[in-house]
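Spelled out from the first residue to the last, the chains are:
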Amino acid sequence: MKFVQIIDCKTERFDEMDQLMDKWVQQTKGKRTATHSLIGKDRTDGSHLVEIVEFPSYEEAMANSKLPETDRIFQEMVALCDGMPTFTDLDVVRDEQLNQATSRRFFHEIAVGGNLDAIDELFAADYADHDIAKEEETVVGSDGIRRDVTQWRAAFDFTFDLDRQICEGDDVVTLWTWTGTHKGEFMGIAPTGRQCTMTGTTIFRFKNDKIQEGWWHEDLMGLMRQLGAIG
């Protein structure tokens, strides 16, 4: 589970504090486990600073705090502050931006890029897949996604343009345009070499930062017409 630490302090020496943060980044390069850091200044009190630091997990945050460079920087930070900084530790229970980024990773990194090893990282082991183009109403398991991606990549060289993404709650809706060149057998159709386009919508539902369920709606009939399979 992703973890966030909030550091709250007061100081009149912001420029020195800013230089100290640059120093910490440089000294811990290649060793720190923080993935993102954001510092905000209180609009009503310029001496009040809040730093928000993101980590992949609580365990990674603890590993980061044990770095000798982190301890030295903290002591210097305390010397610049008016009093001891306070720390708030948060387990992230919902992150719509992360879900949106994970959805994009599927289309670009897995489907187009072919990184099938990332499937287990992004999808829950009991992922449920719903696709109007399949005879089976629901396919359970991340292996189903692996088979689908493998089959599509064998039949086409393709790209995805993500036209629009909408996030609401645990759901990410992606409207996409797919463009592919038919290079291998597809649904019994021999390779034609034709370039085709297809539009569709994918809804991914997330649970514990992984894709738990997916719904696919694609213009498969339009694709078959372009391949000359139907009139």
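For the structure, see preceding data.
Residues numbered from 1 in each chain as written. Predicted model: local features only at pLDDT ≥ 70, side-chain atom pairs only at ≥ 80, totals over all residues. Heavy atoms only, no water.

Engineer: Describe in detail the sheet that holds strand β4 (residues 86-91), supporting the description with residues and values.
Structural biologist: Taken together, four strands build an open sheet; the order of strands is β2-β3-β1-β4 and the sheet is antiparallel. Pairing within the sheet leaves two strands with one partner each, and these edge strands are β2 (36-41) and β4. This sheet shows a mean twist of 15 degrees between the axes of neighbouring strands, independent of strand direction. Note: strand β1 (residues 3-10) against β4, six bridges, orientation antiparallel. By the bridge assignment for β4, Asp8 is matched with Thr86. (Pairing = 2+ DSSP bridges. Helix = DSSP H or I, 4+ residues; strand = E, 2+ residues; numbered from the N terminus. Axes fitted to C-alpha atoms, helices over the stretch in contact; angles between N-to-C directions.)

Engineer: Run through the sheet that holds strand β5 (residues 123-131), naming residues and quoting values.
Structural biologist: As summarised here, the arrangement of the six strands in space is β6-β5-β10-β9-β8-β7, forming an open sheet in which the pairing is mixed. For this open sheet the edge positions go to β6 (139-140) and β7 (156-168), each flanked by a neighbour on one side alone. Pairing of β5 with β6 involves two bridges; the strand directions are antiparallel. The residue bridging Ala128 from the neighbouring strand is Val140, located in β6. Across the sheet, helix α6 (residues 142-155) is in contact with β5, β6, β7, β8 (171-182), β9 (195-207) and β10 (210-218); its angle to β5 comes to roughly 60 degrees. (Contact = heavy atoms within 4.5 Å.)

Engineer: Outline the nonpolar core, listing residues and values.
Structural biologist: Counting 30 residues, the largest nonpolar core has Phe106, Phe123, Trp178, Phe204 and Leu223 as the members making the most contacts within it. Once residues within four sequence positions are removed from consideration, Leu223 is found in contact with Trp152, Phe156, Trp178, Phe186, Cys196 and Met198. Membership of the second largest hydrophobic core comes to 16 residues, among which are Met17, Met21, Ala34 and Met77. (Core = buried A, V, L, I, M, F, W, Y, C linked by side-chain atoms within 4.5 Å. Buried < 20%, exposed > 50% of the residue type's maximum accessible area, 1.4 Å probe, protein only.)

Engineer: Explain the packing of aromatic side chains to me, using residue names and the numbers behind them.
Structural biologist: How two aromatic rings sit relative to each other is given by the distance of their centres and the angle of their planes. The tally for this structure, following the rule as stated, stands at 21 aromatic pairs. Between Phe107 and Phe160 the ring centres are 5.0 Å apart and the planes differ by 70 degrees, which places this aromatic pair in the edge-to-face class. Taken as a pair, Phe107 in helix α4 (residues 96-112) and Phe160 in strand β7 lie far apart in primary sequence, 53 residues in all. On the basis of relative accessibility, which here comes to 0%, the residue Phe107 falls in the buried class. Overall, the relative accessible area of 11% leaves Phe160 in the buried class. One residue, Lys41, lies across the ring of Phe14, its end atom 4.4 Å from the ring centre. (Phe/Tyr/Trp six-rings, centres within 6.5 Å; stacked < 30°, edge-to-face > 60°. Lys NZ or Arg CZ within 6 Å of the ring centre and 35° of its normal.)

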